[in-house]
Amino acid sequence: GLDVFTYDPGFTSTASCESAITFIDGDKGELLHRGYPIEQLAEQSCFLEVCYLLLYGDLPSKAQMDDFRNTVTRHTMVHEQMHNFFRGFRRDAHPMATMVGVVGAMSAFYHDSTDITDPHQREVASFRLIAKLPTIAAMAYKYSIGQPFVYPRNDLDYASNFLHMCFSVPAETYEVNPVLAKAMDRIMMLHADHEQNASTSTVRLAGSSGANPFACIAAGIACLWGPAHGGANQACLEMLREIGSVDRIPEYIEKAKDKNDPFRLMGFGHRVYKNFDPRAKVMKESADEVLELMGIHDNPTLQVAKELERIALEDDYFISKKLYPNVDFYSGIILDAMGFPTAMFTPIFALSRTVGWISQWKEMISDPALKIGRPRQLYTGPARRDYTDLSSR
Ligand code: SDX
C-alpha cells in the first residue's frame, strides 16, 4: 500500500507540484498564463510583457514595463571571456550542445547572482538569463556557420535584436523586417512556459537541491533537446521534408500507426493536450502570414503539413488516440522561411522557454517549506539474497 510515487515537497506521480503560473486544460485545449489565454497574449501582448507576467504575476504598468525592458536591455552582452568557450567546440557541434555548455559556464562567471537565498541575487540571475540567452543562441549559430559574433544593439526590441545578432554580418547591416520580428516575438511568446513539462520539471528538480541557477537552466536546455520534447520542431521539419509531397503522406500515416515501427509523426501528440494545442493554431496562422510576406506562396513543406494534418485528423487511429498537432508542428516552417537552419529551431525554443524555467524555479526556490525533490520508485528487482563466493558461481 506504500504510495511509492509520492515524495516531498508534495511531488506525486500525477501533480508534480503546486504552481500559480500556467494552467493547461488538455481536454479543452486551453492554456492560460496567470489567467490570461495564450490566444489573447499572442495577439495583443509581446514576449517581454509575457516575461513580466510570468515572473511577477500581473501585466505591468507602462512604468513597470519600461523599467523591466531597460533592465533586460542592459544585460544582453555576455562577459567577453565567454567568447573563448565557443572556440573550444567543433564548428559542427549542434547549437544545443554549445548552449548547454556555455549556459552552464555562466555559473563560473556570474558569482554575484548565484546565492539562491538572496532575493536580489535571484532577480539578477533571472535578468541575466532572460537577457543573455538570445545572445548565446545567436553566438552558437554564428560559430556554427563560421561567421563573427554580432553584438546586441540596445536600440532594437528583444526579437529584432535576436534576428540582428543572427543575420547581420560586418560586411552589411541586416535590416530587420518588422513583420518577421513580430512573428519571431510571437514564436517566443508561444514557447514561454508550459506548466510542468519535462524540461521545467528538470529545472525544478535541479533547483530543489539549491544548485546554481545557471547550472539548473543548463539542465533544462539539455532535457529540452530530446526529440520527444523541444527537439521535435527540428525533427518535424526534417520529417515533412522527407515526406516531400502530399502523395507520400498515406505511407507515413501507416508507419506512424504501426506499433512495430518506432516512427512517430513529429509535431503530433501531447502528454496533456487531448484536443488541439492552442499554440499550434496560432502558429499555423503565423506560418501563412510569414510565407505570404516572404512571397513563398507554394511552399511544398507547408502544403505537406496542412494535408498531413487534414488526413491525420480524419484518421480513426489518430482520433481514437486523441492526437493533434502540437506547438512544434508549424513552428519549423516559419523559422525555415526566416532563414534559420533546422539545428537552430530547438535553441530558439530554449531561449523562449528560459523565462518559464526561471519563473517556475523562482516560485519553487522562494518557498520557505521547500525540500529537495526526491522521486521514489516501484522496486522490481530481486528480493534480498546472500553473497556467494566466486569459486562457487
Ligand atoms: C513538447 O509536456 C509539454 O508540455 C511539452 C511541450 C512544452 O511546451 O513544453 O508541449 C513541448 O514537447 C510537445 C511534444 C513534442 N513532441 C513531438 O511532437 C514528438 C512526437 N510526439 C510523441 O512522441 C508523443 O506524442 C509525445 C511524446 C509528445 C507524447 O507521447 P505519449 O505520452 O505516448 O502520448 P499519449 O499517451 O497521448 O499517446 C497515446 C497513443 C500511444 O499509443 P498507445 O500506447 O496507446 O498504443 O498514441 C501514440 C502513443 O504511442 N502516439 C503516437 C504519437 N504520439 C503518441 N503515434 C504516432 N505518432 C505520434 N506522434
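What counts, and where the lines are drawn
- Residues numbered from 1 in each chain as written.
- Predicted model: local features only at pLDDT ≥ 70, side-chain atom pairs only at ≥ 80, totals over all residues.
- Heavy atoms only, no water.
- UniProt positions renumbered as here; feature names shortened; annotations may be inferred.
- 1 Å grid on protein atoms, 1.4 Å probe; cavity = no way out; pocket = protein on both sides within 12 Å on 5 of 7 lines; lining within 4 Å.
- Helix = DSSP H or I, 4+ residues; strand = E, 2+ residues; numbered from the N terminus.
- Contact = heavy atoms within 4.5 Å.
- Core = buried A, V, L, I, M, F, W, Y, C linked by side-chain atoms within 4.5 Å.
- Buried < 20%, exposed > 50% of the residue type's maximum accessible area, 1.4 Å probe, protein only.
- Phe/Tyr/Trp six-rings, centres within 6.5 Å; stacked < 30°, edge-to-face > 60°.
- Lys NZ or Arg CZ within 6 Å of the ring centre and 35° of its normal.
- Points joined across faces, edges and corners; volume = space filled by probe spheres on them.
- Nonpolar A, V, L, I, M, F, W, Y, C, P; charged D, E, K, R; others polar.

Caption draft 1: Region of interest: the UniProt feature "active site" (unreviewed entry) in the protein chain. With numbering matched to this structure, UniProt assigns "active site" (unreviewed entry) to His270 and Asp328. A maximum C-alpha distance of 10.5 Å among these annotated residues, which run over 59 residues, shows that they cluster at one spot. Taking the annotated residues in turn, His270 line the second largest cavity. When you line up the elements, His270 lands in the loop between helix H12 (249-257) and helix H13 (278-293). Discounting chain neighbours no more than four positions away, the residues touching His270 are His194, Asp277, Arg279 and Asn326. With respect to the helices, strands and loops of the structure, Asp328 is situated in helix H16 (residues 328-338).

Caption draft 2: Just the nonpolar core, in detail. Core analysis: the biggest nonpolar cluster contains 115 residues, and Phe162, Met184 and Phe340 have the highest contact counts within it. In terms of residue count, helix H6 (residues 119-144) provides more of this core than any other element does, 13 residues in total. Contacts of Phe340, omitting those with residues within four sequence positions, involve Phe162, Leu163, Cys166, Phe167, Met184, Leu335, Phe345 and Ile348.

Caption draft 3: Examining the packing of aromatic side chains more closely. For the structure shown, the criterion picks out 20 aromatic pairs. Plain terms: the ring middles of Phe162 and Phe340 are 5.8 Å apart, the flat faces sit at 10 degrees to each other, and that makes the pair stacked. One end of the pair, Phe162, is in helix H7 (residues 158-167); the other, Phe340, is in the loop between H16 and helix H17 (345-365), and 178 residues separate them in sequence. Like Phe340, Phe162 is buried. Geometrically, the ring pair formed by Phe167 and Tyr174 is tilted, given 5.4 Å between the ring centres and 50 degrees between the ring planes. One aromatic cluster is present, built from ring pairs that chain together Tyr141, Phe162, Phe167, Tyr174 and Phe340. The positively charged end of Arg91 is found above the aromatic ring belonging to Tyr143, 4.1 Å away from the centroid.

Caption draft 4: Quick look at empty space enclosed by the protein. This model, assessed by the stated rule, comprises two cavities of 30 Å³ or more. Looking at the largest cavity, its volume works out to about 50 Å³. Every residue lining the largest cavity is listed: Met77, Val78, His83, Thr135, Met139, Phe149, Val150, Tyr151 and Pro152. Tallied by class, the residues present in the lining of the largest cavity amount to seven nonpolar, two polar and no charged. Tallied by class, residues from the lining of the second largest cavity come to three nonpolar, four polar and two charged.

Caption draft 5: Structural detail: the environment of Ile116. Structurally, the position occupied by Ile116 is in the loop between helix H5 (95-105) and H6. For Ile116, a relative accessible area of 15% corresponds to the buried category. Taking C-alpha positions, Ile116 is 23 Å from Thr22, a pair spaced 94 residues apart along the chain. With residues near it in sequence (within four places) discarded, Ile116 still touches Arg122, Gly210, Ala211, Pro213, Trp361 and Ile365.

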